[in-house]
Structure formats: C-alpha cells, structure tokens
Amino acid sequence: MGYKKPSFIENIAEKIGLIPNLHKEKYQEFDGDMRQFTDEEVAQMYENFPPPEKWDNWVEYDPKAWPKKVKKTYQIVPTTCFNCESACGLTAFIDKETQVVKKFEGNPQHPGSRGRNCAKGPATINQITDPDRILFPLKRKGKRGEGEWDRITWDEALDTIAARIRKAIKEDRHNEIAYHVGRPGHEKFMNWILQGWGIDGHNSHTNICSSGARFGYNLWYGYDRPSPDHSNAKFILLISAHLESGHYFNPHAQRIIEGKMKGAKLATMDPRLSNTASMSDYWMPTYPGSEAAVLLAMALIILEEGLYNRAYLENWTNWQEYLKALHSDKEVIFENYIAAMIEEYQEFTPEYAEKESGVKAETVVEIARLIGEAGERFASHNWRAAGASNLGGWGVARCLHFLTVLTGAVGAKGGTSPNSWNKFSPTVPNPPKPQKKWNEMHFPKEYPLAFFEMSQLLPHFLKEGRGKMDVYFSRVFNPVWTYPDGFTWMEMFQDESKFGLHAALTPTWNETAFFADFVLPMGLASERHDINSYATHGGTWVAFRQPVLREAARRNGKDVEFTYETNPGEVWEEDEFWIELSWRIDPDGSMGIRKHFESPNRPGEKIKIGEYYQYIFERVPGLPKTAKKEGLTELEYMQKYGTFEIEKGESYKKNETLLTKEELEGSVIDPINEVIRKSGKDIGVMINGKAMLGFPTPSRKNEFYSQTMVDWKWPEYAIPKYLKSHIHNDNLDKSKGEYVLVPTFRLPTLIHSRSGNAKWLVEISNRNPIWMHPEDAAKWGFKTGDLVKMNTDIGYFIDKVWVTQGMKPGVVACSHHIGRWRRPQDKTGNRWATNTVNIEGDGKGGWKMNTISGIKPFESDDKDSKRIFWKDGGVHQNITHAVHPDPISGMHCWHQRVRIEKPAAGENYGDIFVDTNKSHEIYKEWMAMTRPAPGPNGERRPLWFKRAFTPDISTYYMDKKEE
Ligand code: SF4
C-alpha cells in the first residue's frame, strides 16, 4: 500500500483526534520504495510497534471503546506461534488489570519472521478462547469410542500411565511403548525423554508429509532438507505452492518477494494455479509426477550448452566413482564425466518433457537457460508437493538438487544450502545414551531405506499381528482424519488387544481423540514451553515458546510451580508432563531412568522447567555474552525477547571449512577417494590439496552416483532418474473416467486438522470442492456446485464441483484441510468447523459415513458463535484413500487414481464408503514392491542414514534369525 495524501475530511478528523493520525511523516518513509533498504533496516521500520523497553507497560486505546479514547495498559510477552512449522514470533498483549490475553501480534525481534505473521498467527487468540476447548484431563468410561468421559486429576492420569509403562519396560516389552507425534517443534526434548526410558518409541507423521523429498536430498548430500536463500537469489524455482503455504512459508514468502523486488525471476511447477503460481513469472502446470522429466530436460540443456559450474562439479561431486562404476571403459577424466551425463539423459529432450508434463518445450528451454545463467544464485524448493505424492516422488527432489549441483548453488549466497547449516541444535542436561532397541513396528525390514517411521502402515502391521501397542501416545496427531485409510485406524483403535492404552495429548478435540482412553489437554502457543530453530534464511536463530501468563506472573513477582496454575482450567504443558511421568515410572531411580531428569544444580532432585531451559540457553553461542550486557541470565533474556540471533547470515559454503591441525591429528587419507578418516569416522575430504569438512556422505561430496542405492538392491537408481508415478497417464484408463486427484494442497489459512478451533480461519475457508477445468466439466456436464462421486481404489466420497480455469485440464484437485466431523455421541468440539456425521460399519470391513447436519450457529460465551453463517463443512476425502507406501523412501504417495462419475439417485453430498478389506489388499500390493533388508554386512539400514532418534549403532545390524 503506497502513501496516500490525506483528504480534507481525514485531515480535520486526524487533527481533532477523531481518528488516529496515519499520515505522519514517518509513515511516508515507511511506505516508500523498500527495495533500497537492507533486511535490518526493513525490520527497524516497525516504528509503531512497541519497543521492548516498553513491553512491561504499554498503553493503547481500547478498540472496542472507539470512538471514545479509553486507555488500556498491557504487558507484552513474547512467544512462538504453534500453528505451523515456521515458528514465527508472536507477542501476547496481556491486559494488566485482568491478566487476560487480549490479542497476538508479531515479534519484530524474531530474525525469521521479523514481526510478520500469516493469518494463523494472530488467530491464536481464537484458539485459547475457543468455547469448546478441553480444560481438564479426561478418562473414558464405557467402551472405547462410545463418547463417554469422566474428569480426572493429573495424578490419576500420570500414575495409571506410569505404572503401565514401568511394567512394560520391566518385562522387556520396550517396543510396545510409542509416542506418535503429529506436529513437532520440541527440539531434542522427546529424544531426552524416550531415550531416557531406553525405548525405540518415536513415531512421526513424516511419512505422510515430507520424507519423500528428504530421501531425495539425503542421497545427494547427507542432509535431508533444503534452505533456499531466496532474498539473494537471481532465479527461484518452486515445485509447490510454497510462497503461500509451504514449509517455513511466511519467513520464506517475505524473502521470495524481496528476491523478486531485487530482480529475481520466479517459476512455479504446480498443476493448480495457486496464489504462488499467480505471483510467479513462469507458471508451469506440470502433469502430476512428471516434474523430474522436466528437471532432467533442464539439466541436459545446462550440460549441452556448457552452462554448468565446472569447478563445482569437479571438486564437489563423486564423478570419479561414477565413471569407474558405470563407465569402466572410459578414462577417468572430467570431460568424460560431462559426456557420460549428456549420454545418460539424451532421452530428456524439451519435447519429451512437454509430452510428459504438458509444459511447452520452449518454456523448458527458456527456464533452463535462466537457471544456468543464475549460476550459484539459483534457489529452489520442493518439500511436500510432488515429492510427497508420487511413486518415486523422492526422485523429484533428487533431480531438483541435480540442477543446484550443476549450477554450483549448493550452499552458495543466493543458492540453496542444507537446512542443518541454519539450525541450532540444543544440548540437554544429563543426556541419555542412544537406545539399544530397534522397533520393527516403526522401521520394518521391508523398508531399510525408509527415511522416517512407516507410521501409515502401523494399523496394517497391527491387523496382521506383527505386534501391539501397549501404551500409545498420540501427540497433536490425528491419523483417523489426517492419514489415508482412517477407517482401518478406527478399527484398530477400537480393539484393545491392539492398542492397550491410548493417551491423546491434544489442545483440542479431534477424530483420533474420540478413540482414546485418556484425553490430556495440552497448551497452545502461549501456554507451553518449547524452543525452535528453523532454516528460514541464511542465518541461524533460536526462539523460545513460553506460557505467557506464567511469564507475566513471574514479572509480577508471583511464584508458579507448574504451568497449569496459570493456564485456563488445568491445561498443562508437555515438558512438565513428561518430566513428571518419567519420574513416576522410576520413582526410586532403580531403573536408571530418573537420573536423566534430575536437576543439574540440585543432585537427586527433580529438574524444574526453568533449570532445563537455563541449561540449554547457557550453551547457545553468543547468548551468554549478550544477556550479560543487559544484566540478565540467559533464560531471562529469552523470557524477555523470545528469540536470539546466533548468526546473521553469512553461513555459506560450510563444506569448504578447513579442518584444523588438532582435528587432523591422527587422521588418515583414503588413497582412492581422499576421504579423511579418524578413529573409524569420516571427518573430511581433500580438495585440491586442502583438508575440508565436506558433506556427510560416504564420499564427503555430492553423490551423483549412489553406491548406497546399488548396495541396497536398487542399482537402476544409482544416478538421478525419472520414475513414472503410480498415476502416470499410462496407468490410467481414461475411457473408464479415470483421472488423477491431487488431494494434498494446503489452504494458506488452515492448519491440517488443527484450525477447527479458530473461528477467524474457518470463517475464511470452510469448503473443499473438487477443482475441475471447464473442458473436463463439460465432458461430464458438470457445473459449479454439482455433486460428483469420486471413486477411489477402496471406496468413494461425494463432493461438489468447482469449475475453474485455475486447474490443469485432465487433473482434478481437492484441498486436504476440510471435512472435519464429530459423531452425535462425541463431545462437542471445533463446532466452527465440524459436520455431525453418522458412521456405520457392517462388521465385515465396510464402513459408511453420511452427514447428519452441517455447521450451525451455537450458544456460547463467544457472541460470534451465534453469528456463524457458513453451513458447509466440506468432505473428509483422506479416509477414502488406500495406503501407498513408496517402496524405497517409505513416503505415502498421496495422489489418487479416481473414477469420476455422477452420483446415483439417493446419494448425497458428504457420503463416504470404504472397504477396509480392499485397503489391506492394496497395502499388500505395495509391500510386495519392496526389497527388504539386510543390505551389506547384515545391515538393516545404511550406517550413514540417520534416524530422527538414532539408536545405538549395534542395532543397525540384523541378527541371523531376523535375516
Ligand atoms: S507462518 Fe503463520 S502459522 Fe506458521 S508460524 Fe508463522 S504465523 Fe504461525
């Protein structure tokens, strides 16, 4: 918005104070051309944001009293948003008189978000004031899933769960205890807890989220995520709607736009005209799954036209190993490397890319040249999107990184760095050793390369009797709704021989919590402790999520022992819960668990939450010195500002870090690949006679050629390849009405299944129709609003059509956010967003769901609940999807083959049917594609492949009877 001269009326109104003066000189400066300013200067322009020295006593006029000028005094306490993984800074404005949080704004001190938030940040106020929130611990009565609950004390919950865990550990049933996390953001905390118990009990949602792309990146350079330096880039390529809704999207979005304002060009691959595509210089509506073909065509152009970075390829890829392994007839000289690559990818002409993707050949050529010209300043991102949706989706990230390698942009200014270079990792007190257990329920031998736990298959493993979950925690995790095949989850949850005890840790009711034994209310962004550090740009920061009322109480001189004392009801925070639970599992310390959770300062006593964070913050580089300057402890500094910038943003090319004399002492150099080894570990690589750190791969370089893929029985994928997806056109029968459904796209205003308690967000987005191009709609005679039956491999759902030019012809799409439900017997929750549904099973695997009523206004303390005008809660599509585990990466391949038809008479909007027998058959079909462990030397997983909670290295080997 530019500066507008005030009108005559505005001038008078401002002068007499009827409206605030928005036309002061400084506002003109602020609204000027921002391109001339640096990041720091832009951040400083938040001159109308309260400066931190005034945060304890900030005065604003009460907007509700307008036009009267009624002053309100606030305490402002920083925290971190919990509504996506970006962890943007928030500040809570707490009414000093009432100690009630009145609103949330951004935190300009936060180096990642720099004061800016998306709609979901300020909507935290809706979540903490939601009339349907769970305020006390609950225990089910009656059968699981019947909907009857008793309020209990925290003591009862803790003692019951602790006793069951204690028994399982003492009986050596460690693998029957699992913690399954939906939304993370608990840096190293749960490693501390679960490894402290000695269990291999971590399960995550990553295999339905991002593990495909992670696998592709990891194969190349041992890091599993990209950190693009958008604001310094010359060319940005996004494979997704990243600008509006991807990973770290608000912090990235700001920097993408900054990059554009400085002249960068932006290209987006997406079959849907997303907001991101609409902001791009080039929209490439690729056919789903064809992205790698386009990327390889671009790679070929860069190679053939000599646009590659020769020095980078020569020094930092394992080309000699490639030539020796796959072209042993050729001399090992660099020219032969380039020639061999050109030969490998001959098939990938621009015309072939056009045939596969539908993107014009000349566009492919034009963009390839722009990428080549951008050189090191080529930033790119592929997180979920194509990587998370296709059989072989990991190949998309691998081919994308190929371009980053060809241009030498890996870790360069304006290029794409590994995520870990821009991330702080905390050191916890009394750290436990890695667990000496390997849990086959999470990492089964069929998936030795799976990048994360095979969580989507857990109900099928239970169904076929591979094991049980005696104590199972779902933490901000809602697989019944979010995962494919939710009815199989429901069947297993209702069987107490499969899930012995299910405790749902959640801030809000969800479809999975309905099938728990304990529902334990956990704090939202402003009600809990946590630390975050994410790769939002070429710098490193740490942020502190804290319970703001507890911090306000501390500033006001009140002692608080547990966070639930200041939270609403008895909503607790997880940190204190887990410490308390760990202590109760091992009350006398005889199991060796308790010692990890003792105070570092008071031997033998339980650690307090402040001690835990002080211990971590003391070890943040630079923080002790900065805090001392203000006369604060490290913890007090973080409580005051909520964030600390560890490094400003010159962390480029870290692979070139020279090893020190001390590091090199006692090391040896491998005569073949010049990898430097010390005490059995690879520590670096010789580059042009210099000892450098390199990358954490076997060659310490980017691995164009992967011996790992060869060793683990996938030699056909030794180098980057285009894998045809399960929904490739060859696999669809168009004559039967088969189409590809893109079911993954996010709406920028919603949060998977966690925004049903945020009225502002649901008001903005509350339907998930099928996006359909006019040509496709005409074929069936559909108009916007018509009902459509979407037949999947295991059932169907009935949705409405939205006819739009924004969809690629031949492809349909449906946002995965909407279609939340509750049954009549369930506790009322998320009424802003949930349909009331009826669910019936035939006892033979057939399940029907139909909508009894949509969203309705309701009576509550929030007057807005009577003003609900939207009725349509959308349709739950994921539950009609079968599991599609990629046989290599383990990623669930989200795209669906669907048969589109008009519903029959009597079939209604929201009707769903699923046959879980069919879903189990499809599970078996996909399992049959795997190539199980062991790999070389009896390994169950490559030794250089980390895991989220990496166990002891001894567990990486299978014993003879397992093989
Ligand atoms: S991008 Fe939005 S939802 Fe995500 S952390 Fe930032 S403000 Fe919160």
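Caption draft 1: Focus on the site of the ligand. The full set of residues close to the ligand is Cys81, Asn83, Cys84, Ser86, Ala87, Cys88, Asn117, Cys118, Lys120, Gly121, Phe249 and Asn250. The residue inventory of the shell around the ligand, partitioned by class, reads 6 nonpolar, 5 polar and 1 charged.

Caption draft 2: Focus on the sheet that holds strand S20 (residues 643-647). Taken together, 3 strands build an open sheet; the order of strands is S18-S19-S20 and the sheet is antiparallel. Of all strands in the sheet, those with a lone pairing partner are strand S18 (530-532) and S20, marking the two edges. When strand polarity is set aside, the average angle formed by the axes of neighbouring strands in this sheet is 20 degrees. Bridging between S18 and strand S19 (residues 540-545) involves 3 bridges; their strand directions are antiparallel. Counted as the bridge partner of Asp530 is Arg545 from S19. Contacts between helix H23 (residues 609-617) and the sheet are confined to S18 and S19, with S18 contributing the most and set at about 20 degrees to the helix.

Caption draft 3: Fine view of the sheet that holds strand S15 (residues 469-475). Spatially, 7 strands are ordered S6-S5-S17-S16-S15-S7-S8 in an open sheet, and the strand pairing comes out mixed. Each of the sheet's edge strands pairs with one partner strand only, and the pair in question is strand S6 (148-151) and strand S8 (202-204). Averaged over all adjacent pairs, the angle separating strand axes in this sheet is 25 degrees, with direction ignored. Of the pairings in the sheet, the one linking strand S5 (residues 138-141) to strand S17 (residues 518-521) comprises 2 bridges and is antiparallel in character. When the sheet's bridge partners are listed, Leu138 is paired in S17 with Val519. Contacts from helix H22 (residues 574-585) reach strand S7 (177-181), S15, strand S16 (499-506) and S17 within the one sheet, and its direction differs from that of S15 by about 160 degrees.

Caption draft 4: View of helix H25 (residues 634-641). For H25, a buried count of 6 out of 8 residues is recorded, marking the element as mostly surrounded by other parts of the structure. All buried positions along H25 are accounted for by Glu634, Leu635, Tyr637, Met638, Gln639 and Tyr641. Check the buried side of H25 and you find it contacts strand S2 (71-80), S19, helix H21 (548-555), H23, helix H24 (623-629) and S20. Remark: Gly642 follows H25 within two positions and exhibits a positive phi of approximately 80 degrees.

Caption draft 5: A nonpolar patch on the surface, seen in detail. A surface patch of nonpolar side chains, about 360 Å² in accessible area, is lined by Phe8, Ile9 and Ile12. Assignment of secondary structure puts Ile12 in helix H1 (residues 8-15). A relative accessible area of 41% places Ile12 in the partly exposed class.

Calculation criteria
- Sequence order as written defines residue numbering, which begins from 1 separately in each chain.
- With the structure being a predicted model, the display of local features is reserved for residues of pLDDT at least 70 and the display and counting of side-chain atom pairs for 80 or more, all residues being used for whole-chain, interface and lining totals.
- Just so you know, side-chain values use all the structure's heavy atoms and leave hydrogens and water out.
- Throughout this document, a residue counts as near a molecule or strand when at least one of its heavy atoms sits within 4 Å of that molecule or strand.
- Under the scheme applied, nonpolar residues are Ala, Val, Leu, Ile, Met, Phe, Trp, Tyr, Cys and Pro; charged residues are Asp, Glu, Lys and Arg; polar residues are all the others, including Gly.
- Criterion used throughout: strands pair if DSSP finds at least two bridges between them.
- Secondary structure is summarised from DSSP: a helix means a run of H or I of at least four residues, a strand means a run of E of at least two, and numbering begins at the N terminus for each.
- Comment: axis = line fitted to C-alpha atoms, over the contacting stretch for helices; angle = value between 0 and 180 degrees taken between N-to-C directions.
- Contacts are residue-level and defined by heavy atoms, with any inter-residue pair within 4.5 Å sufficient.
- Relative accessibility thresholds used throughout: buried, under 20% of the residue-type maximum; exposed, over 50%; partly exposed, between the two (1.4 Å probe, protein chains only).
- Without a salt bridge and with relative accessible area above 30%, a residue can belong to a patch; like charges are then joined within 9 Å and nonpolar side chains (Val, Leu, Ile, Met, Phe, Trp, Tyr) within 5 Å.
- The method behind every accessible area is Shrake-Rupley, applied with a 1.4 Å probe, and residues are considered shielded solely by the protein chains displayed.
- Here a salt bridge means any side-chain nitrogen of Lys or Arg lying within 4 Å of a carboxyl oxygen belonging to Asp or Glu.

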